Amino acid sequence: MGSLDIFVENINRLAAHYHLDTYADIAQFLNVTEDSIKRWQSKTRCPSLKTIDQIGDRIGCQSYALIQKNGKIFAGIDFGQNNSREILLRNLQEHFMRAGRFSWNDKAALFYGFVSKDALKSYFREENFKTPPLSKLDEMAEALGKPTYELIKEDKSDEKTDTCLLYTSPSPRDYAAS
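As the structure is a computational prediction, the values presented were derived from the model and not from experiment. (Residues numbered from 1 in each chain as written. Predicted model: local features only at pLDDT ≥ 70, side-chain atom pairs only at ≥ 80, totals over all residues. Heavy atoms only, no water.)

A. Quick look at unusual backbone geometry. The phi dihedral of Asn31 falls on the positive side, at around 60 degrees, and the residue is not glycine. Examined against the element boundaries, Asn31 turns out to sit in the loop between helix H2 (23-30) and helix H3 (34-41). Residue Asn31 is classed as exposed on the basis of its relative accessible area, which comes to 59%. The phi dihedral of Tyr112 falls on the positive side, at around 50 degrees, and the residue is not glycine. In this fold, Tyr112 is placed in the loop between helix H6 (104-109) and helix H7 (117-124). When its relative accessible area of 64% is taken as the criterion, Tyr112 is described as exposed. (Helix = DSSP H or I, 4+ residues; strand = E, 2+ residues; numbered from the N terminus. Buried < 20%, exposed > 50% of the residue type's maximum accessible area, 1.4 Å probe, protein only.)

Quick look at the structure:
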């Protein structure tokens with residue numbers, strides 16, 4: 001099941017939970033156009049990551065939960081603003097480091113031709129950047145062997161690739177104490 005299917009399923013869960021009976025009701029609740037709801041439901045269009053972030057902010061859930069099967073979309077928490085693009089870039093950068101991929105060609109090769117070097121570079125630009133659509137995120141996630149939602153889920157673990165532990169040999173004072 002693709003992330004658009006899961007997203008639509010979660011929107012339908014929201015609609016049922018809040019008794020939103022029409023496209024207009026759902027659109028008003030999510031602060032999107034009715035046309036967007038119809039296109040998502042018919043799978044003719046995908047929401048952008050920015051739109052998913054805005055919906056997550058509006059309903060009080062992390063963006064990744066909206067594309068996670070049975071995601072925690074009813075969390076109702078106030079955590080600030082979602083920024084899926086920033087998290088995506090951090091997660092990709094971390095994956096590249098772990099895989100020892102440092103050149104753009106090597107990074108793009110991880111995606112088996114699903115993402116070109118130029119497209120990948122455009123995701124990382126500071127200005128005039130592009131953001132991959134959900135269908136492209138699905139392809140990227142499949143190539144990396146992980147569920148799509150994990151690409152935009154912040155890693156809260158203490159294990160980071162940029163952590164460095166400094167080992168020092170015992171000092172004479174340590175020997176004296178033992």
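B. Structural context of the packing of aromatic side chains. All told, the structure shown has seven aromatic pairs when counted by the stated rule. Ring plane angle 80 degrees and centroid distance 6.4 Å describe the contact between Phe96 and Phe111, whose orientation is recorded as edge-to-face. Of this pair, Phe96 sits in helix H5 (residues 84-99) while Phe111 is found in the loop between H6 and H7, placing the two residues 15 residues apart along the sequence. Put simply, the rings of Phe96, Trp104, Phe111 and Phe124 pair up and form one aromatic cluster. (Phe/Tyr/Trp six-rings, centres within 6.5 Å; stacked < 30°, edge-to-face > 60°.)

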